[in-house]
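Chain by chain, the residues run as shown.
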Amino acid sequence: MEYSHRLNELKSLILLKCGIRFITPADCKRISIEISKHLNKNVSETTIKRLFGFAVVKHKFSTFTLTTLAEYVDIASVDVIDISQPVHPTDEWKNLKDKADKITQFTLKTIRNRSGIPYDITISRKFAEYDFDEFYAGDYIFTSVISQPGYGKTILLSHLAEDLFYKQDAAYKDSTVLFVQAYNFFSKDQAELNMEDQLKAQLQIDPAENTLEYINNIQAAHGGKFIIMLDGFAELILKKEDKNRLFDNIINLICSLEDFKNIKLMMSLRSTTWMRFYERIRHSSFLKSKWFPGNYFNLHELSNVPPLTEKEVDIIISKINYLDNKEINPRLKAQLKFPLHIQLYYQLKEEDPDFNYYTNITFYELVSRFIQEKIYRSNYYTEKILFLKKIIQLTEYGKQTNAVEKDSLLSELSAFRNAYMELLADGILMEEKRTENAHPKEYVRFLHPHMFEYFLFVEILEKFHLQVNMEFFTYINTEYEANQVRFQLLQWTTRFLIKTGNFHELKSVFKLNLNSFETNYLILFMAEEIKYRSKFNPDIIRVLDENQFHEIIISKLINFDFIDSCYKEAVAALIDIASNDDHLLVYNSILGVLEVIKLDKEAIKARIKNISALNAADWMVNPVEALQIIYAKINAEQPAERNLLGNIESLRNGDNPFGVRPENHIDPRQGISYLLILYVNLFTGDATSGHEVISNIVKLHPREFAKRTTFTIYILAVYGMYSSRSAPGKKTDQIENIIVYLSNRNCTNFAKYQEVILLMFQAQQYYNRKEYEIAIHHTKECLLLFRRNNVLLNAMFMFNLLINIYTDMKEYDLVNEYKYEKLCLLDEHQVSRQLF
């Protein structure tokens, strides 16, 4: 029997290596050629046919044949030459354990060889060890590791067997584990065979013995328990009636084990298989009482294997990225809690070691690869696509629901039965039961929402005849306005356009009424997707400039959303895909302003160096000069450059030192220049001078400030804040009313940073009105946001306002507390105290 067991394993591994799911006689010649090509050794086509049962076998295969086959599938270490040699018993328990260990070790080596990623990268699951301890100690007979495909059940069992039974300090050294793959334990011809007889044959127990009694007594005499682990049911190809007989066979074994407390059964089943197995035991209170469901059993998902924890993901990622000290993107980390994605991520890292992006482009790449592998490169792929199209259509293109009644798919089920079963087996679709009006109904849905979103996007794309334009974007934005899939569909569309090089239509997305976060995130998503694609197609960077892509992006960055982390990451990513000095100057200048409000001295110094190499001759203000002045003031030094300070003084006095043409609109570069002027004045002047600077900027652009654009609203909010500090009164109140009105009317166009600037303005206003409680509430809310986002400059103003409020209220303990906290923060960042 052991000879047969090893032979079955060899056959399975040969088919796996050759990518053959259902072998035919014609495949035998191909296998023979592959072996000859890889090893330069000859195993004839006839011998291969004998191996797979297409020719008569009159004698056992030769040692050469077996060794060559083992070498071809990389398991030469399994000692194939001796597989036909019987084991002679000495001590009964040692003999039994040796036989079980030999089978188990072969199974473990097979799992190691077949692992989708290097086995050493995989980890044990602590939850499984805790569950096993409880199962082992309890009055249970059997347990099942249950999950949808791709949760790492086989690897989980493998580590469980190694860690609990074979390690030097293993907790269950006195116990025996028999770990077998179901496709070696059962076959179509053996479905009727009693499981006790199967165990007897596998362990070479005397035919006269009662198998279970024999194992139980030997194990009881030695101590510990005999654990049977069954895995690989998913690869067991049986008809429905044969599978039912197999389930009955397993159920009979479980019932027989009632009297044998030292034998326990552990199985690994996919959710769909468990559902069918459970149907056969659910009416038996005995069987249900002897089943240990595990501490993480989820009835809705039919799973007791939770996703990987953050700590477990960290361990795996550290093994994959052992040369990369960069912190992995938190969004990507969340996606990698499913072991299936880790396998795909490993492949991506092999292709591109720098594959670590801020947005979820990794996620979209993983989903796309998974679908390519499981559908487009699989059997029945045409039928699968047609079946999935039908599901999308029955969900009203995702507008009503994401699940459909199984009854509505009856015609497709009869026509595409095999395709449907593979979609279930591969974890694309799942079946679930719901009770409606006391009547159970079966539904079919996509297992994961992102699979649904992918095929929904494909179906909409076909609806528009593969033409993505403004009409396409408008359709998604309006038809899915209140639907959570809307933003995912926009990202799939964006990815599709970048992948196909259609940057002209990509600009259409910015004509939609997106809020500030969505705009920032999509810009970052685009930048990272382009960066990734450009590694394989350098022409993408050239096409960007031809389509004025950067100019469109720059026009959207003028919202200066400095406390949205996506904004900063987007600008940094854009630098990586920009080739033009002018574009690089814009992006670096924006980051320079961001580093100023964070009071990050080292970053400002590095930014000055980067910008110095770029040509700023056409700019109204040279960003290098502005940043050098600010850097000097942060270090309590006198600025070396004075030209800009003189021009700012002239601007305060009502002159036009920068040669501004009032009839022209404020372009992004001019907007950045004005921002640099305001920050230089902030470090060198006071609230009154800031008020004067903005007053004259407004006078230079009367038409622009009548439009109420994103930039002008931002400037107006800063203007109001200066006014409330230097000249509070009716005019300041009027500015406040205007901005509040605009924010309520155009809330989607307001960036988060603008909202907080308005809140700062209102906090100062409430302080001026001596409404201290509201002022304190607003100030603390601003301070919390600024500290969370490390915007130190704005935080200093909030500290000063709190100190003023508590001084007026004579709350001197709180005054001292905030003074101390403020000074500690400045010292921590090595910023001059004289500034604040």
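That block above? That's the structure.
Residues numbered from 1 in each chain as written. Predicted model: local features only at pLDDT ≥ 70, side-chain atom pairs only at ≥ 80, totals over all residues. Heavy atoms only, no water.

1. Quick word on the overall build of the protein chain
Thought 1: Of regular secondary structure, the protein chain possesses 41 helices and eight strands.
Thought 2: By principal-axis analysis of the C-alpha atoms, the protein chain measures approximately 110 × 60 × 60 Å.
Thought 3: Classification of the 836 residues of the protein chain by burial places 55% in the buried group.
Thought 4: The contacts in the protein chain between residues at least 6 apart in sequence include a share of 70% that link residues at least 24 apart.
Thought 5: Taken as two groups, the 99 positive and 108 negative side-chain charges of the protein chain have centres that lie 2 Å from each other. (Helix = DSSP H or I, 4+ residues; strand = E, 2+ residues; numbered from the N terminus. Buried < 20%, exposed > 50% of the residue type's maximum accessible area, 1.4 Å probe, protein only. Contact = heavy atoms within 4.5 Å. Lys, Arg positive; Asp, Glu negative; His and termini not counted. Charge placed at Lys NZ, Arg CZ, Asp CG, Glu CD.)

2. Examining helix α31 (residues 623-634)
Thought 1: Between its terminal C-alpha atoms α31 stretches 17 Å, which fits the 16 Å expected from 12 residues at 1.5 Å a residue.
Thought 2: Burial within α31 is extensive, with 10 of its 12 residues counted as buried.
Thought 3: Here α31 has its buried residues at Pro623, Val624, Glu625, Ala626, Leu627, Ile629, Ile630, Tyr631, Ala632 and Ile634.
Thought 4: The N-cap of α31, judged by a side-chain oxygen 3.0 Å from the amide nitrogen of Val624 a few residues on, is Asn622. (Expected span 1.5 Å × (residues − 1). Polar contact = N/O pair within 3.5 Å; in protein donor to acceptor, adjacent residues only side chain to side chain.)

3. Quick notes on the environment of Gln393
Thought 1: Mapped onto the elements, Gln393 comes out in helix α18 (residues 381-394).
Thought 2: For Gln393, a relative accessible area of 33% corresponds to the partly exposed category.

4. Observations regarding a negative patch on the surface
Thought 1: Among the surface-exposed residues, Asp91, Glu92, Asp206, Glu209 and Glu213 lie close enough to one another that they form a single negatively charged patch.
Thought 2: Looking at the secondary structure, you find Glu92 in helix α5 (residues 92-114).
Thought 3: Here Glu92 falls in the partly exposed class, since its relative accessible area comes to 47%. (Patch = residues over 30% accessible without salt bridge, like charges linked within 9 Å, V, L, I, M, F, W, Y side chains within 5 Å. Areas by Shrake-Rupley, 256 points an atom, 1.4 Å probe, with all protein chains shown as cover. Salt bridge = Lys/Arg side-chain N within 4 Å of Asp/Glu carboxyl O.)

5. Notes on the pairing of strand β2 (residues 176-181)
Thought 1: By the criterion of burial, β2 is predominantly enclosed, with six of the six residues buried.
Thought 2: The side-chain alternation of β2 yields two buried faces, one formed by Thr176, Leu178 and Val180 and the other by Val177, Phe179 and Gln181.
Thought 3: In this structure, β2 lies alongside strand β3 (residues 226-231), joined through six bridges in parallel fashion. Residue pairing for β3: Phe179 is matched across the bridge by Met229. (Pairing = 2+ DSSP bridges.)

6. With respect to the packing of aromatic side chains
Thought 1: Throughout the structure, instances matching the rule amount to 43 aromatic pairs.
Thought 2: Here Trp274 and Phe277 contribute two aromatic rings whose centre-to-centre distance is 5.7 Å and whose plane-to-plane angle is 45°, an arrangement assigned as tilted. Here the residue Trp274 and the residue Phe277 both occupy positions in helix α12 (residues 271-279), the gap between them amounting to three residues, near one helical turn. Both residues of the pair, Trp274 and Phe277, count as buried.
Thought 3: On the numbers, 5.5 Å between centres and 80° between planes, the contact of Tyr364 with Phe525 is edge-to-face. Of this pair, Tyr364 sits in helix α17 (residues 361-376) while Phe525 sits in helix α25 (residues 516-534), and the two are 161 residues apart along the sequence. The two residues Tyr364 and Phe525 agree in class, both being buried.
Thought 4: Across the ring face of Tyr397, the terminal group of Lys463 is positioned such that the distance to the ring centre comes to 4.6 Å.
Thought 5: Of note, Arg769 hangs over the ring of Tyr766, and the distance from its end group to the ring centre comes to 5.4 Å. (Phe/Tyr/Trp six-rings, centres within 6.5 Å; stacked < 30°, edge-to-face > 60°. Lys NZ or Arg CZ within 6 Å of the ring centre and 35° of its normal.)

7. Thoughts on the environment of Leu645
Thought 1: Inspection of the secondary structure assignment puts Leu645 in helix α32 (residues 643-652).
Thought 2: Counting along the chain gives 552 residues from Leu645 to Trp93, while the straight-line C-alpha distance between them is 91 Å.
Thought 3: Excluding its chain neighbours within four sequence positions, the residues that come into contact with Leu645 are Ile629, Pro639, Val680 and Thr684.

8. Comments concerning the packing of helix α14 (residues 310-320) against helix α16 (residues 339-351)
Thought 1: Contact geometry for α14 and α16: axes closest at 11 Å, N-to-C directions at 25°. In terms of orientation, α14 lies roughly parallel with respect to α16. As for the relative orientation of α14 and α16, their crossing is right-handed in sense. Across the interface between the two elements, Ile316, Ile317 and Ile320 from α14 touch Ile342, Tyr345, Tyr346 and Lys349 from α16.
Thought 2: Taken together, the residues of the contact of α14 with α16 break down into six nonpolar, no polar and one charged. (Axes fitted to C-alpha atoms, helices over the stretch in contact; angles between N-to-C directions. Parallel < 35°, antiparallel > 145°, perpendicular 65-115°, else oblique. Left-handed = near helix turned anticlockwise from the far one by under 90°. Nonpolar A, V, L, I, M, F, W, Y, C, P; charged D, E, K, R; others polar.)

9. A look at the pattern of salt bridges
Pairing between side chains of opposite charge can happen when the charged atoms of each approach one another.
Thought 1: Using the criterion set out here, one finds 37 salt bridges in the structure.
Thought 2: Across the salt bridge formed by Lys94 and Asp98, the nearest N and O atoms sit 3.0 Å from each other. Note that Lys94 and Asp98 are positioned in helix α5 at a spacing of four residues, about one turn of the helix.
Thought 3: Taking the relative accessible area as the measure of exposure, Lys94 reaches 43% and is therefore partly exposed.
Thought 4: Judged by its relative accessible area of 36%, Asp98 is partly exposed.
Thought 5: Between Lys167 and Asp163 there is a salt bridge; the shortest N-O distance is 3.3 Å.
Thought 6: By relative accessible area, Lys167 is classed as partly exposed at 43%.
Thought 7: Put simply, Glu365, Arg369, Arg495, Glu529 and Arg533 are held in one network by salt bridges that share partners.

10. Topic: unusual backbone geometry
Thought 1: Backbone geometry at Leu466 places phi at a positive 65°, although glycine is not the residue there.
Thought 2: Mapped onto the fold, Leu466 is located in the loop between α21 (449-463) and α22 (470-479).
Thought 3: The backbone of Gln830 shows a phi angle near 55°, a positive value even though the residue is not glycine.
Thought 4: Structurally, the position occupied by Gln830 is in the segment after α41 (812-828).
Thought 5: Judged by relative accessible area, Gln830 falls into the exposed class, the value being 59%.

That is the geometry; function is a separate question.
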